Amino acid sequence: MEDIVSRFMEIKKPEQALTLDCRGEQVHAESISATRTTSSAIEEPRIVGRDKDLAEIKQFLLSSDAEESRASDDTDDHVPVLAIVGMGGLGKTTLAQLAYSDSQVNQHFKLKSWVCVSEDFDVIQLTKAMLQSLNVEAGGLSELDPLQQKLLQKLEGQGRLLLVLDDVWEADNLNIHSWNLLTAPLRNSSADTKIIMTTRSRRVSEMVSRISTHDLGFLSDKDALDLFMLHAFEGRDPNSYLNLVAIGKEIARKCGGVPLAAKTLGGLLRTKDDEDWNKILESEVWNTTINQEDSVIPILRLSYRHLPAPLKRCFKYCSLFPKDWVFDRNQIICMWMAQGYVKTSRRELMEDIGQRYIDNLLSRSFFQTCPSSSKRFLMHDLMHDLARCVSVYECHSMAGGKSSFIPSDIRHLSIIPTSDSQGTIIPSIKDIPEPNLFRSFLLPGMSLYLSFFERELPSDSYTRMEHLRVLDLGGVGPRRLPESIAHLKHLRYLRISNLVEELPEFVGSMHHLQTLDLEGPYKLPNSMSNLHNLRHIKLRSDVTEYPVGIGKLTDLQTLPGFYVSPKHNCAKLGELKDMNDIRGRFAVKGLENLDSVNEAKKACLDKKRNISHLRLERDHKADSSPIDEEVLESLKPSVKLQSLKISGFKGPSYPSWLGDLSFSRLHTIKLEHCGNWASLPPLGQLPSLKSLYIHKAGAVKYIGNDFFSGGFSQLEELTLEDMYNWKSWCGAQKGECLKLKKLSISRCENLESLSLINLGAVEVLSISECPELRFLPGDSLELSHLQSVQTITIQGIYQVLCIEAAHVSTAAPLEDQSRLYLEDVGQQEAEYMLGMCSSICRLTVRKCSNLTSLPLRNLSALEYVEISECPQLRITSVYPQLQQLPSLKKIYVHRIHDAEIIAVLFEESHLELENVDQLVASFLLKELSHMICLLTITRCANLTSLPLTELTALKYLEITGCNQLQLSSGSLQLPQSSSMLEIKIQCKQGAEYVRALFSPGGTEALETSCLELTNVDQLVASFLLKELSHMICRLTITQCANLTSLPLTELTALKYLEITGCNQLQLSSGSLQLPQSSSMLEMKIKCIRGAEYVRVLFSPGGTEELETSCLELTNVDKLEALFLLNEFSHMIHRLTVTRCANLTSLPWTDLTTLEYLMVSECSMFQLLDAKQLPSTLQVLCIYGNPYETEQYSRHQHFRRLKQVQQCSDKEGMYKSNYWSYCNCFLIFEVLA
């Protein structure tokens, strides 16, 4: 049929042959919904032309949230989103993968989650996918609220989260409500979240709040050429094919910058000559414009035309599955075989030919490798569109629960379950024209959405599909199989999931069946022995009991395992005798039930040459049997075996064949629960062995030369666990174990000696819970032999709780910082490890109670040191060595002798001391005097002196809770550094709070220095005012109850003064001496003796607006008021007096500059003669004295002024002069 179609296509015009009308197919494709399962792993070995795009995405991801808010003018709580928008095939997902895997991004985000959305925006399923990506078990949760609560718990306190939503399509259930519902946990959590979204639709991106859009464009001609050449000349030098390069430039240019087109055509032409290249270049397919999405299909169709006929059929068949489907290689091959698409060969199995088909399609970019599994593959969306187009007359897919026209001539039908399938997903087969033409009927999936009663087809449906070859019921999981299926005589492939009832007997009548895919385990019918063409039985469990007669199925290739059942009506192990085509992974379990060695011999495992991975398992909890040793000896596998596991055998010795040189392909061996073996087999002579795992070989006391015999020439990983009688081994001899990279030994409680000589290739060493083992020089464990070791983990051995060392070899990559962690180790052990790990950058020492010193002098690369809970260690013995290290950046010490916390940050020039004694503080201040810029001292109760005068670089000083230090006594010497910027002192005695801010010089805005005093005593205040008198511009004194005098006359630079709550200070008595600074700008005094509030605002000179000086008095005694008026009478322009109860008058003759006067609530105040008012007074306001107001109104002077006011209106000789009064106030304004 394919040949006929090909000939017909040659007859047609090329334009007609290559032009595709996919509009109908687009609608057809949109009816399918599925869940994508892509990965964040980068699929391409090399990315071309996307550096600028990647930089922009990284800028979005690495920028701060504040920058994002400013950029978007958005201050709401929506999560920042970047949408990568572009047509299919441009590489949106690849670009997101690049950003997701970037090293800077990995450092920036503590959590990352990759979710592929595809065409169904199901909030519940997407939340589950997010949890799964974050390694959170969702259990059986199916409701949104508990799922989101799980997500909130995971995000709590985790810092930053990066979420990638890949391949978001327009969907009925994608709207602003569903978006907000999905992102609600992200908005309400403490984690800073950013989202990358990839989509083909700009409408999707415009629907989301607080979003930035990155439009992914086409590649430049140069980049398209580079990508084309990369795939067309893979592994070859283009300079050797200059004729092809010239043609390739034209082909790449015509690809229109679509990466997928360039990559696909490059793969197509990889093995072609220049004639084929010219045919492609001259093809009339290029007449189609390719700068639109649907125009890529003709280009891809061109690649399809060059596929061999078998590959075309196989490719088209894949259109039955939804977009973004993860294909299982073996499953799809079995379907192809059932349809007869895989050619048969005497020399090669159909399954192997099918694998070759997939590899061929992968190499041509029709398929994509699955990053998570080599046994699976994917199809790009555009390739899926192509498959739909070329198979439109053969294959048809539809969404479950939706009506769809089904053409009468199709041969293959698939119905895809969707999340919104409310009713049955299966349409009435009676309404389908000609179902007897069907060769495939697929209901793929995992039956996620279907209720119990929806899982069956009408029993007569199958009789009408009598020519069916493939029946996939994986998406529905029927309760039972209707007997009408037995009429499907041509059926080759049957897949069933979640079958409630057992597999019926009539299955044995389906004689052509090749593949039976069951998710079981189910009880298999006795009639199974009739299925002579059966090649594959797929079961989830490898403990299925097989019926008697299963041995007749000699063509079986896939059988997960064989369980030896004690039941008499189940198959015996001997039935495996002639089943020699079994391949891949195979397990024999239940061997404790075997009652005859003959059955083991009959199995003839050595003839099953295609088994690559074999497990021989006996229940280790079962009693031993006298035939155990013979049984294992009889189960010798084929010498072509690659992986072997033996578990639970209790014979006295290993089988003779184990370790035989003939097993030349064996690369992995696991031996578990073989507790009676007195010695280990000679596995060292196996030429391909790479990984060896031995667990609970309890009888082994010594591992000798027999074990190492042959040298383990390829061994890379060796693990020994729970060998509780093992005491020592002879170790590797010279030339042995040359490739051993990882050595792990744990829970060997009697191990006394472990020679590491000749293990120079070991990079990872792990030893735990071996309490008799020592590792000092000359003792049982000598680490110095491990010249290449990168990672060391030692736990629970003699004198060692924990040692962890990473990247300790000089061969470690530069980007990996080497580090050493020591916890509860002895003095000698610590010295030994420090001597061995001389190249470390980070050192952590914890809970080493016997540690008295640390030899650090030779650690020239050391940058970070952390020491904690080492009570016998003194900083005086450690720091002199640290001082000599050129790379040191930070020291953190916690709970050592005479010091609770010491922190030295060399890059910030910061020293922090907390609860250290006098000797430690003096020592460190002397040693670090040349570099300390920031000094913090906290809770040093025993500190009696603090010599700071030598700290010439000091800028910031903070002292808290050091109660024995006193400024006035000289025990706390103020620094003399000219670069000093700030001092903070907080102590319980003498000075609760002192803050001095020094002017750094420079711009005018920074020239103000200040002193703040809170609850300080007289001596401290006097000392500080004297010491800092030359520089104080702003002085704030608060709650100094014991302050009896305040000498301010020497503060020549003072501009601002504020005094609050100093009850013993009094202005009139002289205990508070007002400053005499000519630069004074403002003075505020609150709650001193005799005055509740005083404010003086001094005229700074300059502009006219600033020339008014004022005095405000509130609740001030008469004596204090008169004192202030006398002090400032020469400069007051504005005077406000409030609630001064005993004030009767003002010294009018002295107020020569007064312009504004307000008197409020001063009940005893009297103005006896208005003629006393200063001539400069312009405004008089009196509040709260009705009697005086009435008196003023009758006064002759005021009556005359009233007439003057009237006269001013008539003659126009005066400007704005008036007076008025009422029962509560009087305002008087005199002539200008």
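Numbering of residues starts from 1 in each chain and follows the order in which that chain's sequence is written. The predicted origin of the model limits local features to residues at a pLDDT of at least 70 and limits the giving and counting of side-chain atom pairs to 80 or more, whereas totals for whole chains, interfaces and linings rest on all residues. Side-chain metrics rest on all non-hydrogen atoms present in the structure, leaving aside hydrogens and water.

## Comments concerning the overall build of the protein chain
- Scanning the protein chain from terminus to terminus reveals 30 helices and 49 strands.
- Residue contacts are defined here by distance: any two heavy atoms, one from each residue, within 4.5 Å place the two residues in contact. In the protein chain, once contacts between residues fewer than 6 apart in sequence are set aside, the share between residues at least 24 apart is 56%.
- As presented, the protein chain carries roughly 54,400 Å² of accessible surface, and 46% of it is formed by carbon and sulfur atoms. Working definition: helices are DSSP H or I runs of at least four residues, strands are E runs of at least two. Numbering for both runs from the N terminus. Method for areas: the Shrake-Rupley scheme with a 1.4 Å probe, in which residue coverage is limited to the protein chains shown.

## Let's talk about the nonpolar core
- What we call a nonpolar core is a set of buried Ala, Val, Leu, Ile, Met, Phe, Trp, Tyr and Cys residues that are connected through their side-chain atoms within 4.5 Å. Relative accessibility thresholds used throughout: buried, under 20% of the residue-type maximum; exposed, over 50%; partly exposed, between the two (1.4 Å probe, protein chains only). In terms of nonpolar packing, the biggest core is built from 247 residues, with Leu 573, Leu 616, Leu 783 and Ile 902 touching the most fellow members.
- Looking at which element gives the most residues to this core, the answer is helix H26 (residues 918-927), with 5 residues.
- Summarising the domain contributions, this core has at least three residues from each of domain 3 (542-658) and domain 4 (1024-1033 + 1044-1099).
- With residues near it in sequence (within four places) discarded, Leu 783 still touches Leu 756, Leu 765, Phe 775, Ile 792, Ile 794, Tyr 832, Met 833 and Met 836.
- Core analysis: the second largest hydrophobic core is formed by 87 residues, Phe 233, Leu 244, Leu 302 and Ala 387 among them. Start and end positions for the domains come from either an automated domain assignment or a database one.

## Let's talk about the sheet that holds strand S11 (residues 440-442)
- Pairs of strands are assigned from DSSP output, requiring at least two bridges between the strands. The strand order across the open sheet formed by 7 strands is S9-S10-S11-S12-S13-S14-S15, and the pairing between neighbours is parallel. Each edge of the sheet is formed by a strand with only one pairing partner; in this case those strands are strand S9 (395-399) and strand S15 (536-538). Pairs of neighbouring strands in the sheet enclose a mean axial angle of 5°, with direction left out of account.
- Note: S9 against strand S10 (residues 412-416), 5 bridges, orientation parallel. Looking across to S10, one finds that Met 398 is bridged to Ile 415. Working convention: axes come from line fits to C-alpha atoms, limited for helices to the stretch in contact. Angles between N-to-C directions cover 0 to 180 degrees.

## Let's talk about the packing of helix H4 (residues 51-62) against helix H6 (residues 92-100)
- The contact between H4 and H6 brings their axes to 10 Å, and the two run at 50°. With respect to H6, the axis of H4 lies oblique. Crossing handedness for the pair H4 and H6: right-handed. Mapping the contact onto sequence places Asp 53, Leu 54, Ile 57 and Leu 61 in H4 and Leu 95, Leu 98 and Ala 99 in H6.
- Partitioned by chemical class, the residues of the contact of H4 with H6 number 6 nonpolar, no polar and 1 charged. Convention used here: angles under 35 degrees read as roughly parallel, angles over 145 as roughly antiparallel, angles from 65 to 115 as roughly perpendicular, and any remaining angle as oblique. In this scheme, a crossing is called left-handed if the near helix is turned counterclockwise away from the far one by less than a right angle; it is called right-handed if the turn is clockwise. Under the scheme applied here, ten amino acids are nonpolar (Ala, Val, Leu, Ile, Met, Phe, Trp, Tyr, Cys and Pro), four are charged (Asp, Glu, Lys and Arg), and all others, including Gly, are polar.

## Focus on unusual backbone geometry
- Phi angles above zero are rare outside glycine, and Ser 909 is one such case at about 55°.
- In this model, Cys 1087 sits at a positive phi of 55°, which is unusual for a non-glycine residue.
- Positionally, Cys 1087 belongs in strand S42 (residues 1082-1088).

## Quick notes on the packing of aromatic side chains
- Centres within 6.5 Å make a pair out of two Phe, Tyr or Trp rings, where for Trp the six-membered ring is used; the pair is then stacked when the planes are under 30 degrees apart, edge-to-face when over 60, and tilted otherwise. Inspection of the entire model under this criterion finds 24 aromatic pairs.
- Ring centres of Phe 315 and Phe 366 lie 5.0 Å apart, and the angle between their planes is 75°; on these two criteria the pair is classed as edge-to-face. Residue Phe 315 is found in helix H17 (residues 309-317), and its partner Phe 366 is found in the loop between helix H19 (350-363) and strand S7 (368-369); the two are separated by 51 residues along the sequence.
- Owing to a relative accessible area of 0%, Phe 315 belongs among the buried residues under this scheme.
- One aromatic cluster is present, formed by Phe 321, Trp 325, Phe 327, Phe 367 and Phe 377 through successive ring pairs.
- Here, a charge over a ring means that NZ of Lys or CZ of Arg falls within 6 Å of the ring centre while also lying within 35 degrees of the ring normal. Directly above the aromatic system of Tyr 798 lies the positively charged group of Arg 774, at a separation of 3.6 Å from the ring centroid.
- The positively charged end of Arg 842 is found above the aromatic ring belonging to Tyr 864, 4.0 Å away from the centroid.

## A few points about the packing of helix H25 (residues 875-882) against H26
- At a minimum axis distance of 11 Å, the contact between H25 and H26 shows a crossing angle of 10°. Taken together, H25 and H26 sit at an angle that is classed as roughly parallel. Counting all contacts with H25, which are made through Ile 875, Thr 876, Tyr 879 and Pro 880, the residues of H26 involved are Val 920, Phe 923, Leu 924 and Glu 927.
- Class assignment for the residues of the contact of H25 with H26 results in 6 nonpolar, 1 polar and 1 charged.

## Here's the deal with the confidence of the model for the protein chain
- Confidence scores per residue from the predictor, reported as pLDDT, run from 0 to 100. Looking at the protein chain, the pLDDT average stands at 81 and 84% of residues meet or exceed 70.
- pLDDT under 50 marks residues 1002-1006. Its contacts with residues more than four places away, or in other chains, come to 4 contacts.
- Per-residue pLDDT stays below 50 along residues 1102-1106; that stretch engages in 3 contacts with residues further than four places along the chain or on separate chains.

## Some remarks on helix H12 (residues 221-232)
- Under the convention used throughout, the expected extent of a helix is 1.5 Å for every residue step, that is, one less than its residue count. If you check H12, its first and last C-alpha atoms are 16 Å apart, about what 12 residues at 1.5 Å a residue would give, namely 16 Å.
- As for H12, its buried residues are in contact with helix H13 (242-254), helix H14 (259-268) and helix H15 (274-282).

## Concerning the sheet that holds S7
- The 3 strands lie next to each other as S6-S8-S7, forming an open sheet whose pairing is antiparallel. Looking at the sheet topology across the chains shown, the edges are occupied by strand S6 (327-328) and S7.
- Sheet topology places S7 next to strand S8 (residues 376-378); 2 bridges connect them, and they run antiparallel. Within S8, the residue paired with Gln 368 across the bridge is Leu 378.

## Considering the pairing of strand S20 (residues 668-672)
- Where burial is concerned, most of S20 is hidden: 4 out of the 5 residues are buried.
- Where strand S19 (residues 643-647) meets S20, 5 bridges bridge the pair, whose relative direction is parallel. Looking at S20, one finds that Leu 644 is bridged to Ile 669.

## A look at H19
- With 14 residues, H19 ought to run about 20 Å at 1.5 Å a step, and its terminal C-alpha atoms sit 20 Å apart, in line with that.
- Three or more residues of H19 are buried, namely Met 350, Glu 351, Ile 353, Gly 354, Tyr 357, Ile 358, Leu 361 and Leu 362.
- In this structure, the buried residues of H19 make contact with H17, helix H18 (329-339), S7, S8 and S15.
- Phi turns positive one or two residues past the end of H19, at Ser 365, with a value near 70°.

## Focus on the state of the cysteines
- Disulfides are defined as cysteine sulfur pairs within 2.5 Å. Counted by the stated rule, this structure contains 0 disulfides.
- With no disulfide of its own, Cys 395 lies closest to Cys 318 among cysteine sulfurs, the gap being 9.3 Å.
- Left without a disulfide partner, Cys 770 is nearest to the cysteine sulfur of Cys 748, which lies 4.8 Å away.
- Look at Cys 770 and you get buried, because its relative accessible area is 0%.

## Some details on the pattern of salt bridges
- Salt bridge, as used here, is a side-chain nitrogen of Lys or Arg placed within 4 Å of a carboxyl oxygen of Asp or Glu. For the structure on display, the rule yields 35 salt bridges.
- Between Arg 939 and Glu 914 there is a salt bridge, and its shortest N-O distance comes to 2.5 Å. With Arg 939 in the loop between strand S35 (934-938) and strand S36 (956-960) and Glu 914 in strand S34 (residues 910-916), this residue pair connects regions lying 25 residues apart in the sequence.
- With a relative accessible area of 37%, Arg 939 lands in the partly exposed category.
- Bridged by salt links that share partners, the residues Lys 589, Arg 615, Glu 617, Lys 645 and Glu 672 form one connected network.

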